[in-house]
Amino acid sequence: MQCDKCGADAVMHAAYSGLHLCEDHFCASVEKRVRRRIRDDNLLPDDAIPDSPETWVIGLSGGKDSVVLTDILHETFAKDPRVELVALSIHEGIEGYRDESLEACEELTADLDLRHEVVTYEDEFDIRMDEVVETDPKNMSACAYCGVFRRDILSRYAAELEADKLLTGHNLDDEAETALMNFLEGDVSQIAKQFDASLGPFEGGRGGRTRGDSGDFIPRAKPLRDVPEKEVALYAHLRELPAHITECPHAEEAFRGEIQELLYDLEDRHPGTRHSIMAGYEELAALAAAKYRDEETTFDECEQCGGPTTGDLCRKCGLLEALEAA
Ligand code: SF4
């Protein structure tokens, strides 16, 4: 097969667009989609001033998605005085998994000469995920605990690092899966939150915001969300980026796994399904957001940590208390 742009040997065929692309044109097309998403989501406002750069904190796990995102952002903004990039990695305490992916993070940030902060569950909460799954006082999945602790760290450290934006490496497949899960669960308020930044602390489908430690909101962004997972993996491979591929031994989001299989199958038989899901989902989310716009949640302070909560204890402190009592 030959590249449709230049006639060189093609390295990929995108069934959803019909294009065959060579290595150079494929990599350029991934970078172009990321930059277009940054522009379309207005991540860098026209009035950003070079003397006072925005701080963009990137959640860097060492997996292919966050590694590719970090590399492209660095390539795009390393010489731009309006943006300062900081990589933030979280060590959950998972034997035989996170140590290796952190090595990938360290290699990448050293190569790029990028500031890199590492935070551990052990230092922050005096727990390790390996122990949490053994104890499991709430009879929940490992990812349910882990997600709460990770969100807490991301929020607090984004505020501590004075982040203007918090960027994560979710790709098109991740986003289409989440959209379908929310739809199948009938969770309209969750769909609304993913679109509308004014509703409260959440992880956004179109960007969204997260609540910082001081109660202010920090906009979130997912600049890779137009790029399918396989293309992210191919980009990491072709660019020889130090991505860590092994899956977490505690990964057990069964419903997401089923949705993933369903989407693979649909995309195979009907190329472009993921793109059309996301296009429809954003329209639906805008309508849902309008419905909930006036129902803004008010937050109290958690009795333990002072973080935002609608009860006496925030979710993180409730889980930590249960783990300590177990
Ligand atoms: Fe945590 Fe689950 Fe991710 Fe493992 S797969 S790091 S347990 S959220």
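Treat the numbers as computed from the prediction; the structure is a model and nothing was measured.

Visitor: What's the story with the overall build of the protein chain in this structure? I'm lost.
Guide: On a plain count of helices and strands, the protein chain comes out with twelve helices and ten strands. Projecting the C-alpha coordinates of the protein chain onto the three principal axes gives extents of approximately 65 × 45 × 45 Å. Expressed as a percentage of its 326 residues, the buried residues of the protein chain come to 50%. Looking at the protein chain alone, contacts between residues at least 24 apart form 69% of all its contacts between residues at least 6 apart. Here the protein chain contributes 34 positive and 71 negative side-chain charges, whose respective centroids are spaced 6 Å apart.

Visitor: Would you mind showing me how to read the site of the ligand here?
Guide: The environment of the ligand is formed by Glu 92, Ile 94, Cys 143, Cys 146, Arg 150, Cys 248, His 250 and Ala 251. Its residues placed into classes, the shell around the ligand shows five nonpolar, one polar and two charged.

Visitor: For this particular structure, what's the right way to read the layout of surface pockets?
Guide: Empty space among the atoms becomes apparent when a probe as large as a water molecule is rolled across them. Volume-wise, the second largest pocket comes out at about 520 Å³. Along its surface, the second largest pocket is lined by 24 residues, and Tyr 16, Arg 33, Arg 36, Asp 226 and His 275 are the ones closest to its centre. Taken together, the elements giving at least two residues each to the lining of the second largest pocket come down to β1 (12-14), β2 (19-21), α1 (23-40), α7 (172-184) and α11 (273-292). With eight residues, α1 is the single largest residue contributor to the lining of the second largest pocket. When the residues that make up the lining of the second largest pocket are grouped by side-chain class, the tally is nine nonpolar, four polar and eleven charged.

Visitor: In this structure, what is going on with the pairing of strand β4 (residues 83-91)? I would like to understand it.
Guide: Look at any regular strand and the pattern is simple: side chains alternate between the two faces of the sheet. β4 sits mainly inside the fold: eight of its nine residues count as buried. Sheet topology places strand β3 (residues 54-59) next to β4; six bridges connect them, and they run parallel. Bridging from a neighbouring strand, Thr 55 pairs with Glu 84 of β4. After leaving β3, the chain enters helix α2 (residues 64-77) and then returns to the sheet as β4, a path that is right-handed. Direction of pairing for β4 relative to strand β5 (residues 115-120): parallel, over a ladder of six bridges. The residue bridging Ala 87 from the neighbouring strand is His 116, located in β5. In terms of handedness, the path from β4 via helix α3 (residues 98-112) over to β5 forms a crossover that is right-handed.

Criteria and thresholds
Residues numbered from 1 in each chain as written. Predicted model: local features only at pLDDT ≥ 70, side-chain atom pairs only at ≥ 80, totals over all residues. Heavy atoms only, no water. Helix = DSSP H or I, 4+ residues; strand = E, 2+ residues; numbered from the N terminus. Buried < 20%, exposed > 50% of the residue type's maximum accessible area, 1.4 Å probe, protein only. Contact = heavy atoms within 4.5 Å. Lys, Arg positive; Asp, Glu negative; His and termini not counted. Charge placed at Lys NZ, Arg CZ, Asp CG, Glu CD. Near = heavy atom within 4 Å. Nonpolar A, V, L, I, M, F, W, Y, C, P; charged D, E, K, R; others polar. 1 Å grid on protein atoms, 1.4 Å probe; cavity = no way out; pocket = protein on both sides within 12 Å on 5 of 7 lines; lining within 4 Å. Points joined across faces, edges and corners; volume = space filled by probe spheres on them. Pairing = 2+ DSSP bridges. Right-handed = clockwise from strand over helix to strand, strands pointing away.

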